[in-house]
Amino acid sequence: MKWPDPRNFLQRFFSSRRKIPVLQLEVTSRCQLKCSFCPHTFLQDGWYGADFPWELFVRYIAPYLQQVGLIYFQGWGEPLLHPRLFDMMQLAKEQGCRVGFTTNGILLGTAILERLVEMQSDILGLSVAGGNQVTHAMLRSGSSLKRLLTNISRLADIKQKRGSPLPKIICSYLMTRKNLLELPAFIELAASAGADEVVATNLDLTLSPEMEELRVFACPGEALPGDYLFAVQAAEEQAGRLGLNLRVYPLQFNLDVMVCDAWPLKHIFINSHGEVAPCVYLGLPYKGVAPRYFCRQEAPFTPFNYGKITEGLTRVIKNKAAREFKQPFRYRLDLTNPFLLDNPEVPVPPPPCTNCYKLFGL
């Protein structure tokens, strides 16, 4: 029997008590794929195609790592394209952080998988968009579902041989009208390959009428097709039988959400351009006004940030722009306090969050 390393327990205990629960760093906004639903593909004019500099990481982020619980090296690009990704991860692990990233899988190979286990990376996410090769390749042009599943199996084998529970293998399945009915089939594939969890997410940033038509969730007044609900139920039952963890994002609006699950009150996103933003959506590495649709209506928005990392992380997340952005969310949370219910009117969210699907639990 292999006894657990007590250092892992201590790292997890203290990381859960850190001031910054999650810091999400977009190590690169470059990507090899041309996914039809991705801002990287659709917003090429004005897109910042850049890697986050190692020197900025060492100087402006590393000093704060002891305050960070999880640092997730993920944004709108492919993390494995960054030449010093593993150096960043190793430095973070040495400071007691949990680490992880999500990949399209193209650059995964046995050497990288072994390195992830050796360094005890906490999470490896893999992006999926179909229950068969044809659908997946149609939505994620240039990606191979077969190769993804092969790499999941390889990683599961390496973990088993080394007696390691890490990294946790999480498949991120993007639900669209073209693939939702294939979710139960993918659950079986993921479980057979050795994945630990599947998270079925919504297409919640739609930049064109065509993307808006791809979303599966229903806006208020829209009917939700019965076969969508049946597919989700079948997937949940399948996951239960196979012992696979499954989380499916809601398919209907929740008007009682006071703060979205990006949790901008505590979590931090830093994009590849060094801008510190409330979340990956507002921190879009894009110049100018971005197109967006909300319940079939145009709802363009301008990416928003508090300032640049070179100003100092603590200074930026406590400056006037950050305080003014967060205050409406604090007011909204006050409504859940029974002693503060004199005013039943729900405060409006920060202006940059207006018409964001995340604010409705999707």
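Residues numbered from 1 in each chain as written. Predicted model: local features only at pLDDT ≥ 70, side-chain atom pairs only at ≥ 80, totals over all residues. Heavy atoms only, no water.

*Asks:* I'd like a description of the overall build of the protein, backed by residues and values.
*Replies:* What the protein contains, in helices and strands, is twelve helices and twelve strands. Taken over C-alpha atoms, the radius of gyration comes to 20 Å for the protein, in line with the 21 Å a tight globule of 362 residues would show. Its C-alpha atoms give the protein principal-axis dimensions of about 60 × 50 × 45 Å. By residue count, 55% of the 362 residues in the protein fall in the buried class. Of the contacts formed within the protein by residues at least 6 apart in sequence, a portion of 73% connects residues at least 24 apart. (Helix = DSSP H or I, 4+ residues; strand = E, 2+ residues; numbered from the N terminus. Rg over C-alpha atoms; globule rule 2.2 N^0.38 Å. Buried < 20%, exposed > 50% of the residue type's maximum accessible area, 1.4 Å probe, protein only. Contact = heavy atoms within 4.5 Å.)

*Asks:* Hey, could you go over the UniProt feature "domain: Radical SAM core" (unreviewed entry) in the protein for me, with residue numbers and the actual values?
*Replies:* Taking the UniProt record as the reference, the feature "domain: Radical SAM core" (unreviewed entry) is found at residues 17-241. Secondary structure content for residues 17-241 is 40% helix and 16% strand, and the end C-alpha separation is 35 Å. (UniProt positions renumbered as here; feature names shortened; annotations may be inferred.)

*Asks:* Tell me what's going on with the pattern of salt bridges, and back it up with residues and numbers.
*Replies:* Counted according to the given criterion, the structure contains 14 salt bridges. Across the pair D87 and R84 runs a salt bridge, and its minimum N-O distance is 2.8 Å. We classify D87 as partly exposed; its relative accessible area is 31%. In this structure, the salt-bridge partner of D204 is K358, at a minimum N-O distance of 3.8 Å. Residue D204 is found in the loop between β6 (197-202) and α9 (209-214), and its partner K358 is found in the segment after α12 (320-334); the two are separated by 154 residues along the sequence. In this structure, D204 and K358 share a single accessibility class: buried. Within this structure, E212, E213, R215, E222 and R296 form a network of salt bridges that share partners. (Salt bridge = Lys/Arg side-chain N within 4 Å of Asp/Glu carboxyl O.)

*Asks:* I'd like a rundown of the packing of aromatic side chains, residues and numbers included.
*Replies:* Each aromatic ring pair is described using two quantities: the centre-to-centre distance and the angle formed by the ring planes. For the coordinates displayed, the defined rule picks out 15 aromatic pairs. Between the aromatic rings of F57 and F73, the centroid separation amounts to 6.3 Å while the plane-to-plane angle is 45°, which identifies the pairing as tilted. Of this pair, F57 sits in helix α3 (residues 54-61) while F73 sits in the loop between β2 (68-72) and α4 (85-94), and the two are 16 residues apart along the sequence. Each of the two residues, F57 as well as F73, counts as buried. Note on F294 and F360: the rings are 5.9 Å apart at their centroids and 40° apart in plane angle, and the pair reads as tilted. Of this pair, F294 sits in strand β10 (residues 293-294) while F360 sits in the segment after α12; the two residues are 66 residues apart in sequence, bridging distant segments of the chain. What links up through ring pairs into an aromatic cluster is the set F217, F253, F294, Y357 and F360. Positioned above the aromatic ring of W54, the side-chain terminus of R84 is 4.1 Å from the ring centre. (Phe/Tyr/Trp six-rings, centres within 6.5 Å; stacked < 30°, edge-to-face > 60°. Lys NZ or Arg CZ within 6 Å of the ring centre and 35° of its normal.)

*Asks:* Account for unusual backbone geometry, with residues named and values stated.
*Replies:* Between L166 and P167 the backbone carries a cis peptide bond, its omega angle lying at 0°. With respect to the helices and strands, the residue P167 is situated in the loop between α7 (145-162) and β5 (168-175). Despite not being glycine, C295 shows a phi value in the positive range, around 55°. Topologically, C295 is positioned in the loop between β10 and β11 (297-298). Its identity as a non-glycine residue notwithstanding, R296 has a phi of 70°, on the positive side. Positionally, R296 belongs in the loop between β10 and β11. The exposure class of R296 is partly exposed, given its relative accessible area of 38%.

*Asks:* Explain the sheet that holds strand β7 (residues 245-248) to me, and be specific about the residues and the numbers.
*Replies:* Sheet architecture is open: ten strands sit in the order β7-β6-β5-β4-β3-β2-β1-β8-β9-β12, paired in mixed fashion. Only two strands of the sheet have a single partner each, and these edge strands are β7 and β12 (307-308). Pairing of strand β8 (residues 268-270) with strand β9 (residues 275-277), which is carried by two bridges, proceeds in the antiparallel orientation. Bridging from a neighbouring strand, I270 pairs with V276 of β9. (Pairing = 2+ DSSP bridges.)

*Asks:* Break down empty space enclosed by the protein for me, citing the residues and quoting the values.
*Replies:* Empty space among the atoms becomes apparent when a probe as large as a water molecule is rolled across them. Counted under the stated rule, the structure contains one cavity of 30 Å³ or more. When its volume is computed, the largest cavity comes out at roughly 140 Å³. In terms of lining, the largest cavity is formed by 16 residues, of which the most central are C279, Y281, L282, C353 and C356. (1 Å grid on protein atoms, 1.4 Å probe; cavity = no way out; pocket = protein on both sides within 12 Å on 5 of 7 lines; lining within 4 Å. Points joined across faces, edges and corners; volume = space filled by probe spheres on them.)

*Asks:* Go over the confidence of the model for the protein with me, naming the residues and quoting the values.
*Replies:* Here the protein averages 93 in pLDDT, and 93% of its residues register 70 or above. Counted against residues more than four places away or in other chains, residues 1-15, with its pLDDT under 50, gives eleven contacts. (pLDDT = per-residue confidence, 0-100.)

*Asks:* Lay out the layout of surface pockets in plain terms, naming residues and giving numbers.
*Replies:* What the largest pocket holds in volume is close to 1600 Å³. As for the largest pocket, its lining consists of 50 residues, of which Q24, Q74, T102, S172 and T201 are closest to the centre. If you list the elements that add at least two residues to the lining of the largest pocket, you get β1 (20-25), α2 (39-42), β2, β3 (98-103), β4 (123-128), β5, β6 and β8. Tallied by class, residues from the lining of the largest pocket come to 27 nonpolar, 15 polar and eight charged. (Nonpolar A, V, L, I, M, F, W, Y, C, P; charged D, E, K, R; others polar.)

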